[in-house]
Amino acid sequence: MTNTGTISGINGPVIYLKGDSGFRMNEMVYVGKDHLVGEVIGLTDRRTIVQVYEETSGLKPGETVSSSGFPVSVTLAPGILNNIFDGIERPLSEIAKTGGAYIDRGIHVDSLDGEKLWKTHITVKKGDHLFPGAIIAEVPETPAIVHKVMLPPDMEGYVIDVVEDGSYTISDPLLTLQLPDGSEKKITMTQKWPIRVPRPILKRYPAGKPLITGQRIIDTLFPLAKGGTACIPGGFGTGKTMTQHQIAKWSDADIIIYIGCGERGNEMTQVLEEFSELVDPRSGNPLMDRTTLIANTSNMPVAAREASLYSGLTLAEYYRDMGYHVAIMADSTSRWAEALRELSGRLEEMPAEEGFPAYLASRLSAFYERAGMMQNMNGTEGSVTIIGAVSPQGGDFSEPVTQNTKRFVRCFWGLDRNLANERHFPAIHWLSSYSEYLTDLAPWYVEHVDKKFVDYRNRLVFLLTQESSLMEIVKLIGGDMLPDDQKLILEISKVIRIGFLQQNAFHKEDTCVPMEKQFKMMDLILYLYKKSRSLVSMGMPMSVLKEDPIFDKIISIKYDVPNDRLDMFDDYKKQVDTFYDSVIERNA
Amino acid sequence: MAIEYLGLSAINGPLVVLEGVQNAAFDEIVEMTVEKKTKKLGRIIEVYEDKAIIQVFEGTDGLALRNVHTRLTGHPMELAVSEDMLGRTFNGIGEPIDGLGDISSDIRLDINGKPLNPVTREYPRDYIRTGISAIDGLMTLIRGQKLPIFSGNGLPHDELAAQIVQQASLGDDALSSEKFAVVFAAMGVKYDVADFFRRTFEESGVSDHVAMFINLANDPVVERLITPKVALTLAEYLAFEKGMHILVILTDMTAYAEALREVSSSKGEIPSRKGYPGYLYSELASLYERAGIVKDRHGSVTQIPILTMPNDDITHPIPDLTGYITEGQIVLDRNLFGQSVYPPINVLPSLSRLMKDGIGEGFTRADHQGLANQLFSCYAKVGDARALASVIGEDELSPIDKKYLVFGKEFENRFVGQGNHANRNIIETLTIGWELLGLLPRAELDRIDTKVLDQYYKPTTLEGSEE
């Protein structure tokens, strides 16, 4: 049964219906003669409030609103990957086919291609008892990813009939299930899931595996766990989007969901173009084969911006249920928060800080808590990692979105305006950033990289901290007045900053660096420090040490040593030894 | 047949309330006739049952509760567009004010535009030669980009914008062969500023290719909210339907945002930062995002919005939100202006996000990116050296810091401060860049690949210096 209501007022994306229309909270509704998509966000006995996901100009009081009977949901089936959707999972390429270069209103296209035949391998047989979330078939969705068709998480029963392996569309029935109450149900590849409800799991695991990104400052200094949460706050032009792109390209997640929330249209185009050309070093397939884009650019309707984050998250959870490690790039959560603020303002709610609604914090926490390393209903293990960019107003980290986000994420990569001005990228500041995952991940690093890894990492950070306090003095009296051991700290910190932390995203070798090379670089820098320190303690002045080009040589290791020639590090160690000997020889 | 409604139930600043209307649509345009003489246009910004709140474009002076007839037009604000609009001057809502008659065209477009589908966008890659070293070398302008100028009151942003228009239109590929045109929108600017642009366009002989939309400082505030939309509608039409390359100059975005605040506060909305409405970001984005290139169409829309930062504060909401939407920014600096450096571009906070894909081999020259990174990095160190010199005195500086001071001075005077009339090609710009890097020892240059350094680096000394 569908309910209908009548529009009585329109204020931007918010419309009011007179009286109680019989709609349910968060139900999807169709608004007006163009059937614009909307969602019920408030009910009283006198009026119903609906937010509309499309441009409302031209709507009139008196037009009807009809219910759809289900909450705002996403369609889950093969065809999600290598695709670009808007905030409510409408494929933009299909919209382009019907609407041309611009996005029109009231376009109704299916989320996924219902005609396409998928090669299907059935993994269950007649008589099997299936539990909720059980995998029933495998479909090679892209060359990189096998899509595992699952039973919806709220269904179980006996298989009483099943089709042969073959080619099926997403709406063809694959099997008939006898439910516990005796009734029969045909199961297809497609499920629908409401975007605001987390998909159920069996249990959560503690963080234990890092998400390897190939970015040195992240992997070594401030690592993120699979199933973890991180935020990247930074003023405009400090490289939030670049950092997100780098992680989306090179991280070892199986699936990337990239949500462009209120950002630039050209950026989405760039991701689309670039990711179709770039090849994933692990699988050898184009990166788009493991990627889904959700685009609600800054000029697209604001209500859909609010929904886009949840749509992306639900897609991510769906792939997690198949046993994949999924990483979500949300760029930018500030625009999402501003969408909340805009809608809240239109609803004339009481504002809290800077006009943001008081429920900002609880919405943010509910969002980030959907991340995690999970044991799924079907027993597989998968994870959802959330990396949210934050665009603080005026680059000021004390504003509400940054502050509230900081409370709910465990990894903070603070971008710094001065570093960006110097074109030191990634401009993640080593003193303001932190990662709470470091202790959780230490055993993994010891086992998989080197047992000295964590110790070395801490020594790097210690040197950088010392440098920062020495720089305070240098600013007052100049660097020449410092004693030699402190000059050495400055010199070696420069090697760390330029040779290690700075990473060139446009350089073939430097854009993604394996853990082993990261460790060897650290090892070599600390070896150079050790040798130089013993020279300084013998009374050699820094000016003599700096005559040797060894410092500059080690800085350019990132370019000079290819990622597959790690044997070259032995030679560099010898060069450090030669440097040590020659300084002693010349000054003995 | 259209119904006319007599009278209003309230007037508050630029907003009026009309009750008892039938069939009023959200965002619809209404025509108001005051005492059967003056016509004004208005837009419905909120409807509730039979009550409509209308924003009046030409101001509410002269309106009384009983002397107004209102007629619903049944459609959102539209603009008749045509190629003949080039060479003409219009007011803030797109009506001709140059006395050359109306624009006759059957094509009427909704001025609000529609969002471009990211799938149909083409990623911009062709650079526009502006002839200005700081821009071409360090924050290259790309066709289809939106690159604002962040300025302050009294700084020469108008001269800079005019120079970009002149030199870009004189460029190798612009006016002569391909269709190049300028759409100029002035919002709340002084008469002198509008006149300056008019004269400059005439003097440089491009005025036949310019459509000007002028809303002066004393014109109605609400009109200002329409001006950029009208201008961009024409720009999109010329670019995507007629295949022209359009450069849109929007000045002054600060006046636009202030108009938005004024209207928002008279609507009684909840303000966010500094009294600006919470949707300032969305509003600005709906303008800036109308730049771009569409697949399989020839033209492009490039935007150079100009905004004056209140109190030179880059963290003020207007420059701040703009910076989050646009693809970079050109920041002018009062200090450099005081030292007679023209154009006074402070390169450190300036940026072009699209630059990386539009330069280098095949576009400009292979060493461009490395050189630009190195210049940025070295100039950043100049700041440190100057700070130190102001504490301990220049004489006490280490030799390398002294070299940085020399580099900084030369960089500002030669590379940035090229003067009003210099039109440099990209090779000249890069050559000057390498000469400047030559003032520093090679070991300081850590951003450039060794091979590139081998090819281009040559130590230079200043004439008349001690070395």
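What counts and what doesn't
Residues numbered from 1 in each chain as written. Chains lettered and ligands numbered in written order. Predicted model: local features only at pLDDT ≥ 70, side-chain atom pairs only at ≥ 80, totals over all residues. Helix = DSSP H or I, 4+ residues; strand = E, 2+ residues; numbered from the N terminus. Rg over C-alpha atoms; globule rule 2.2 N^0.38 Å. Buried ≥ 20, exposed ≤ 12 C-beta atoms within 10 Å, placed from the backbone. Contact = placed C-beta atoms within 7 Å. UniProt positions renumbered as here; feature names shortened; annotations may be inferred. Nonpolar A, V, L, I, M, F, W, Y, C, P; charged D, E, K, R; others polar. pLDDT = per-residue confidence, 0-100. Expected span 1.5 Å × (residues − 1). Domains from an automatic or database assignment. Pairing = 2+ DSSP bridges. Axes fitted to C-alpha atoms, helices over the stretch in contact; angles between N-to-C directions. Parallel < 35°, antiparallel > 145°, perpendicular 65-115°, else oblique.

Draft legend 1. How the structure looks around the overall build of chain B. Helix and strand counts for chain B stand at 13 helices and 17 strands. For 467 residues, the compact-globule formula gives about 23 Å, and the C-alpha radius of gyration of chain B, at 25 Å, lands near that figure. When its C-alpha atoms are laid out on the principal axes, chain B stretches across 85 × 50 × 40 Å. Looking at the 467 residues of chain B, the share that counts as buried comes to 54%. Considering only contacts in chain B between residues 6 or more positions apart, those separated by 24 or more positions represent 72%.

Draft legend 2. Fine view of the environment of A:Cys261. All names here are of chain A. Note on placement: Cys261 falls in strand S20 (residues 255–261). Judged by local crowding, Cys261 falls into the buried class, with 31 C-beta atoms found within 10 Å. On a C-alpha basis, the gap between Cys261 and Ala330 in space is 6.9 Å, while along the polypeptide they are 69 residues apart. With sequence-adjacent residues up to four places away left out, Cys261 is seen in contact with Asn296, Arg305, Ser308, Leu309, Ala330, Asp331, Ser332, Arg335 and Trp336.

Draft legend 3. Seen up close, the UniProt feature "domain: ATPsynthase alpha/beta subunit barrel-sandwich" (unreviewed entry) in chain A. As recorded in UniProt, the feature "domain: ATPsynthase alpha/beta subunit barrel-sandwich" (unreviewed entry) lies at residues 109–196 of chain A. End-to-end, the C-alpha atoms of residues 109–196 of chain A are 22 Å apart, and along that stretch the chain is 0% helix and 44% strand.

Draft legend 4. Region of the structure containing the UniProt feature "domain: ATPase F1/V1/A1 complex alpha/beta subunit N-terminal" (unreviewed entry) in chain B. Within the UniProt annotation, "domain: ATPase F1/V1/A1 complex alpha/beta subunit N-terminal" (unreviewed entry) is assigned to residues 9–64 of chain B. The span residues 9–64 of chain B is 0% helical and 55% strand by assignment, and the distance between its end C-alpha atoms comes to 10 Å.

Draft legend 5. Seen up close, the interface of chain B and chain A. Each side of the interface is counted separately: chain B has 64 residues, and chain A has 61 residues. Among the elements of the structure, strand S5 (38–48), helix H6 (280–288), helix H7 (317–325) and helix H10 (368–392) of chain B are those that each provide at least two residues to the side of chain B that touches chain A. A per-element tally of the side of chain B that touches chain A places H10(B) first, with nine residues. Class assignment of the residues belonging to the side of chain B that touches chain A gives a composition of 33 nonpolar, 16 polar and 15 charged.

Draft legend 6. Examining the confidence of the model for chain B more closely. Scored by pLDDT, chain B has a mean of 90; 96% of the residues are at 70 or more. Confidence estimates for the predicted assembly give a pTM of 0.92 and an ipTM of 0.88.

Draft legend 7. Spatial organisation of helix H6 (residues 333–346) of chain A. Residues and elements named next belong to chain A. In this model H6 runs 20 Å from its N-terminal to its C-terminal C-alpha over 14 residues, within 8% of the 20 Å that 1.5 Å per residue would give. With 14 of its 14 residues buried, H6 lies for the most part within the structure. Glu348 lies just past H6 and shows a positive phi near 55°.

Draft legend 8. Looking closely at the domain arrangement of chain A. What the domain assignment lists for chain A is domain 1 (4–71), domain 2 (203–436) and domain 3 (453–587). Computed over C-alpha atoms only, the centres of domain 1 of chain A and domain 3 of chain A are separated by 63 Å.

Draft legend 9. A look at the UniProt feature "domain: ATPase F1/V1/A1 complex alpha/beta subunit N-terminal" (unreviewed entry) in chain A. UniProt records the feature "domain: ATPase F1/V1/A1 complex alpha/beta subunit N-terminal" (unreviewed entry) at residues 7–69 of chain A, using the numbering of this structure. The straight-line gap between the two end C-alpha atoms of residues 7–69 of chain A is 18 Å; of that span, 0% is helix and 56% is strand.

Draft legend 10. Looking closely at unusual backbone geometry. With an omega dihedral of 5°, the bond running from A:Asp331 to A:Ser332 counts as a cis peptide bond. Tracing the sequence through the fold places A:Ser332 in the loop between strand S22 (325–331) and H6. One non-glycine residue, B:Asp296, lies in the positive phi region at around 65°. On the basis of neighbour counts, which here come to 7 C-beta atoms within 10 Å, the residue B:Asp296 falls in the exposed class.

Draft legend 11. Up close: the sheet that holds strand S16 (residues 184–187) of chain A. Residue and element names in this part refer to chain A. In spatial order, the strands read S10-S13-S15-S16; together these four strands make up an open sheet with antiparallel pairing. A strand with exactly one partner marks an edge of an open sheet, and here the two such strands are strand S10 (129–130) and S16. Pairing of strand S15 (residues 175–178) with S16 involves four bridges; the strand directions are antiparallel. If you follow Leu175 over to S16, its bridge partner there is Ile187.

Draft legend 12. A look at the environment of B:Gln374. All names here are of chain B. Residue position: Gln374 is located in helix H10. Among the residues examined, Gln374 registers 25 C-beta atoms within 10 Å and is labelled buried. Once the C-alpha coordinates of Gln374 and Gly433 are considered, the two residues, 59 residues apart in sequence, prove to be 9.5 Å apart. Aside from chain neighbours lying at most four places away, what touches Gln374 is Leu437, Leu445, Arg447 and Ile448.

Draft legend 13. Representation of the domain arrangement of chain B. For chain B, the assigned domains are domain 1 (4–75), domain 2 (79–358) and domain 3 (368–456). Relative to domain 3 of chain B, the C-alpha centre of domain 1 of chain B lies at a distance of 60 Å.

Draft legend 14. View of the packing of helix H13 (residues 515–537) of chain A against helix H17 (residues 568–587) of chain A. All names here are of chain A. Between H13 and H17, whose axes approach to 10 Å, the crossing angle comes to 10°. With respect to their mutual orientation, H13 and H17 come out roughly parallel. In contact with Lys520, Leu524, Tyr527, Leu528, Lys531 and Leu535 of H13, H17 contributes Phe569, Tyr572, Lys573, Val576, Tyr580 and Val583. Along the lines of polarity and charge, the residues of the contact of H13 with H17 split into nine nonpolar, no polar and three charged.

Draft legend 15. Fine view of the sheet that holds strand S15 (residues 300–308) of chain B. Residues and elements named next belong to chain B. Overall, mixed pairing links the eight strands, which are arranged S9-S13-S12-S14-S15-S11-S16-S17 in an open sheet. Since the sheet does not close on itself, it has two edges, and those belong to strand S9 (89–91) and strand S17 (351–352), each with one partner. Where strand S12 (residues 180–189) meets strand S14 (residues 245–251), seven bridges bridge the pair, whose relative direction is parallel. From the neighbouring strand, Val182 faces S14, where its bridge partner is Leu247. Contacting S12, S14 and S15, helix H5 (residues 253–266) crosses the sheet at an angle of about 75° to S15.

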